[in-house]
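# Structural overview for review
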Amino acid sequence: MKKMLFIMNPCSGQKRANRYLPEILSMYNRAGYDITVHMTAGPGDGDQTVRRLGPGMDVVVCCGGDGTFNEVISGLLHSGLDIPVGYIPAGTTNDFASSMKLPTNIKRAAQAILDGTPVAYDAGKFGDRYFSYVASFGAFTRASYATPQDIKNALGHTAYVLEGIQELSQLRKEHVRMDIDGRIVEDDFLFGAISNSTSVGGILTLDPSQVDMRDGLLEILLVRAPRNLAEISECIQALKNQKYNCEMITFCSTPKVTVYADPEMPWTLDGEREDGHSEVMVENQHLAFRLIQEV
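Now for a look at the structure at hand.

About the criteria used
Residues numbered from 1 in each chain as written. Predicted model: local features only at pLDDT ≥ 70, side-chain atom pairs only at ≥ 80, totals over all residues. Heavy atoms only, no water. Helix = DSSP H or I, 4+ residues; strand = E, 2+ residues; numbered from the N terminus. Buried < 20%, exposed > 50% of the residue type's maximum accessible area, 1.4 Å probe, protein only. Contact = heavy atoms within 4.5 Å. Phe/Tyr/Trp six-rings, centres within 6.5 Å; stacked < 30°, edge-to-face > 60°. Salt bridge = Lys/Arg side-chain N within 4 Å of Asp/Glu carboxyl O. Core = buried A, V, L, I, M, F, W, Y, C linked by side-chain atoms within 4.5 Å. Patch = residues over 30% accessible without salt bridge, like charges linked within 9 Å, V, L, I, M, F, W, Y side chains within 5 Å. Areas by Shrake-Rupley, 256 points an atom, 1.4 Å probe, with all protein chains shown as cover. Pairing = 2+ DSSP bridges.

### Notes on the overall build of the protein
Looking only at helices and strands, the protein features nine helices and 17 strands. Expressed as a percentage of its 295 residues, the buried residues of the protein come to 53%. Residue pairs at least 24 apart in sequence account for 74% of intrachain contacts in the protein once pairs closer than 6 positions are excluded.

As structure tokens, this is what we get:
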């Protein structure tokens, strides 16, 4: 009998996946899986559970939000396990799932894992931590980890937007220097993202024609701090129209980048807080994990 490790965050999103758990497990039982179920109990638990229980498993299924998925991928990569991963997106924004065009319906996503095929994708490495789709700083990134879970559950994606609007009144610019494959970019930035995704924070969407999540490259998007209303308007229009060839925005692709910044500047990795670094290398991990999806 095939072995499955089923990891679920029971607090993700509006707890909408909880009611379907018996049905999902029964579905996998009927498909011939011997299932080990683990409910995460706090930050980092998903990572540690994969390291502890992953060896010998035929598949790992993650049911939760992007943060839970990040922990599952981190556990696999830290322990060197090459096990296909199924993802049932049940979080608030599900950026990664959106980029991968995974089903948003819980039961449909669960069935897609049985019907799908493992496909290898890139991941990112931020210092000694991994991320599945984005490392970001500046405006709006704080909302993903600062908004209380009960508010996320009650308001869903609106919580991020509301928190982001509150941040507008206290936006601060961050002075950052990046060595992008030998090219130096340095300025005061309002926002920055190093990503492998078409959706960032549920707010920004990158042009899918410019993002390939299997090409060994990370996309860098930097928004300079506006000095006047005209520059604010230029930023908004460029991001809205996905036109990044303006003076306010830097957009490029690279396999790795070294970032120099204020060590007090926090980052967000897949929606989870990461402490600041005076210097950190961020690099692509080419075809690092296998995601089960319908192709």
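Picking up where we left off.
### Things to note about the packing of aromatic side chains
Enumeration over the complete set of coordinates arrives at nine aromatic pairs. Here the aromatic rings of F6 and Y28 are separated by 6.4 Å at their centres, their planes lie at 55°, and the arrangement is tilted. Here the residue F6 occupies a position in strand β1 (residues 2–8), and Y28 occupies one in helix α1 (residues 21–30), the gap between them amounting to 22 residues. Judged by its relative accessible area of 0%, Y28 falls in the buried class. Residues F69 and Y87 carry aromatic rings whose centres are separated by 4.5 Å and whose planes lie at 25° to one another, so their mutual orientation is stacked. Here Y87 lies in strand β4 (residues 85–89) and F69 lies in helix α3 (residues 66–79), a separation of 18 residues in the sequence. Comparing F69 with Y87 shows no difference in burial state: the two are buried. Through successive ring pairs, a cluster of aromatic residues spans F69, Y87, F96, Y133 and F289.

### Points about the pattern of salt bridges
The full count for this structure, using the stated rule, is nine salt bridges. K107 is the partner of E23 in a salt bridge, and the nearest nitrogen-oxygen pair spans 3.4 Å. Of this pair, E23 sits in helix α1 while K107 is found in helix α5 (residues 106–115), placing the two residues 84 residues apart along the sequence. A relative accessible area of 41% places E23 in the partly exposed class. Look at K107 and you get partly exposed, because its relative accessible area is 34%.

### Re the nonpolar core
Counting 40 residues, the largest nonpolar core has F69, V72, Y87, F96, I249, F289 and L291 as the members making the most contacts within it. If you tally residues by element for this core, the top one is α3, at five residues. If we ignore the near neighbours within four places in the chain, the residues touching Y87 are C62, G64, G65, D66, F69, N94, F96, A97, L102, A109, I113 and L291. Counting residues in each nonpolar core, the second largest holds 22 residues, with F131, V257, A261 and L269 among its members.

### Some points on a nonpolar patch on the surface
Residues L229, I232 and I236 make up a contiguous nonpolar surface patch of about 320 Å² in total accessible area. On the secondary structure map, I236 appears in helix α9 (residues 229–241).

### Details of the pairing of strand β9 (residues 183–195)
Regular strands have side chains that alternate between both faces of the sheet. Of the pairings in the sheet, the one linking strand β7 (residues 134–138) to β9 comprises five bridges and is antiparallel in character. Its bridge partner being in β9, V134 is matched across the sheet by S195. As defined by bridge partners, strand β8 (residues 174–180) adjoins β9 across seven bridges and the pair is classed as antiparallel. For M178, the partnering residue across the bridge sits in β9 and is V185.

Any link to function would need more than the numbers given here.
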